[in-house]
Amino acid sequence: MGPKTDDRDVWTAFKAGDESALELLYTRYFKALGTYGFRITHDRERVEDAIQDVFVDLWRRRENLGDVENIRFYLFRSLRNQLSRNIRHDVFDGAEDIDDFLDYLATLSSEQQSIDQEVQLSRAQAVQKALSQLSQRQREAVHLRFYQGLSLDESAEIMGIGKQVVKNLLSKSYAILRLSLKVAFTLWAWCFSLMGTFR
């Protein structure tokens with residue numbers, strides 16, 4: 001099967017026992033699953049083992065699986081459930097609109113494409129530092145909603161919580177990130193202006 005094959009066709013072939021379709025699904029989604037799993041637990045080996053378990057289980061149950069509209073969503077939910085089973089317990093013991101917050105984060109990655117690589121790295125590090133201040137659950141909500149583009153309903157279903165809880169997590173995350181990034185980029189802008197002065 002070609003790499004550009006539609007997900008639904010790949011899923012149909014996979015359910016029919018096509019091993020190449022299973023391999024294509026694995027290759028297509030492994031990186032995204034790994035990134036998402038790492039938001040739940042920082043044990044990379046555990047995440048990779050869980051991903052393997054997900055695909056082994058899918059292959060074992062393939063004949064009994066139904067049609068799936070959104071394979072990314074299905075796999076993310078499967079991975080989260082698998083991690084919970086593997087760990088044997090749940091790892092997760094402002095007025096601004098959330099969409100504005102997501103747009104703001106998107107701007108951080110798209111602005112200033114022509115600036116020095118060192119400055120770009122500083123910006124990226126500031127974002128990562130800000131994200132590290134969030135709880136694991138907040139980071140997961142941000143990752144699903146923003147980085148993976150899932151809806152609030154899909155994020156809520158994957159996380160096993162209500163839609164309003166996801167909104168609350170994102171609201172709190174926004175407040176933390178907004179303050180942290182405002183400080184970081186104010187300092188960054190000041191340093192950048194000094195760099196321009198001394199060039």
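Quick look at the structure, then. Because the structure is a prediction, the values reported are computed rather than measured. (Residues numbered from 1 in each chain as written. Predicted model: local features only at pLDDT ≥ 70, side-chain atom pairs only at ≥ 80, totals over all residues. Heavy atoms only, no water.)

Remarks on the overall build of the protein
- Each helix and strand counted, the protein has 9 helices and 0 strands in total.
- Seen in sequence order, the protein has helices and strands lined up from the N terminus as α-α-α-α-α-α-α-α-α.
- Considering the protein as a whole, with its 199 residues, one finds that 40% of them fall into the buried category.
- Summed over its atoms, the accessible surface of the protein is roughly 11700 Å², and 49% of this surface lies on carbon and sulfur atoms. (Helix = DSSP H or I, 4+ residues; strand = E, 2+ residues; numbered from the N terminus. Buried < 20%, exposed > 50% of the residue type's maximum accessible area, 1.4 Å probe, protein only. Areas by Shrake-Rupley, 256 points an atom, 1.4 Å probe, with all protein chains shown as cover.)

Structural notes on the packing of helix α7 (residues 136-147) against helix α8 (residues 152-159)
- It is the contact of α7 with α8, at a shortest axis distance of 9 Å, that shows an interaxial angle of 135 degrees. Overall, the two elements α7 and α8 adopt an arrangement that is oblique. The way α7 lies across α8 gives a crossing that is right-handed. Note on element contacts: α8 touches α7 through Leu152, Ser155, Ile158 and Met159, opposite Arg137, Glu140, Ala141, Leu144 and Arg145.
- In the contact of α7 with α8, the residues fall into 5 nonpolar, 1 polar and 3 charged. (Axes fitted to C-alpha atoms, helices over the stretch in contact; angles between N-to-C directions. Parallel < 35°, antiparallel > 145°, perpendicular 65-115°, else oblique. Left-handed = near helix turned anticlockwise from the far one by under 90°. Contact = heavy atoms within 4.5 Å. Nonpolar A, V, L, I, M, F, W, Y, C, P; charged D, E, K, R; others polar.)

Quick notes on the pattern of salt bridges
- Summed over all chains, the structure comprises 8 salt bridges.
- For Glu157, the salt bridge is made with Arg77, and the minimal N-O distance between the two is 2.5 Å.
- On the basis of relative accessibility, which here comes to 44%, the residue Glu157 falls in the partly exposed class.
- The partly exposed category is assigned to Arg77, whose relative accessible area is 24%. (Salt bridge = Lys/Arg side-chain N within 4 Å of Asp/Glu carboxyl O.)

Let's talk about helix α3 (residues 44-61)
- The end-to-end C-alpha distance of α3, which contains 18 residues, comes to 26 Å, matching closely the 26 Å that a straight helix rising 1.5 Å per residue would cover.
- Taken together, the buried positions of α3 are Val47, Ala50, Ile51, Val54, Phe55, Asp57 and Leu58. For α3, the buried positions fall inside an angular range of 160 degrees around the axis, keeping them on one side. Looking at α3, the residues exposed on the side facing more than 90 degrees away from the buried face are Glu45, Val56 and Arg60. (Expected span 1.5 Å × (residues − 1). Arc of directions from axis to C-beta.)

A few points about the side chain of Gln138
- As for its position among the elements, Gln138 is in helix α7.
- Taking the relative accessible area as the measure of exposure, Gln138 reaches 10% and is therefore buried.
- Beyond its immediate sequence surroundings of up to four residues, Gln138 is in contact with Leu169, Lys172, Ser173 and Ile176.

A look at the packing of aromatic side chains
- On inspection of all chains with the given rule, the structure shows 6 aromatic pairs.
- Relative to Phe14, the ring of Trp11 lies with its centre 5.1 Å away and its plane at 50 degrees, an arrangement referred to as tilted. Here Trp11 pairs with Phe14, and both are found in helix α1 (residues 7-15), just 3 residues apart, close to one helical turn. Taken individually, Trp11 and Phe14 each receive the classification buried, so the pair is uniform in this respect. (Phe/Tyr/Trp six-rings, centres within 6.5 Å; stacked < 30°, edge-to-face > 60°.)

Observations concerning the nonpolar core
- In this structure, Trp11, Leu58 and Leu75 are the most contacted members of the largest nonpolar core, which totals 45 residues.
- Looking at this core, the elements with two or more residues in it are α1, α2 (19-40), α3, α4 (71-87), α6 (117-132), α7, α8 and α9 (163-197).
- Looking at which domains feed residues into this core, each of domain 1 (1-87) and domain 2 (117-198) gives three or more.
- Setting aside anything within four residues of it in sequence, one finds Leu58 in contact with Trp11, Phe14, Leu65, Tyr74 and Leu75. (Core = buried A, V, L, I, M, F, W, Y, C linked by side-chain atoms within 4.5 Å. Domains from an automatic or database assignment.)

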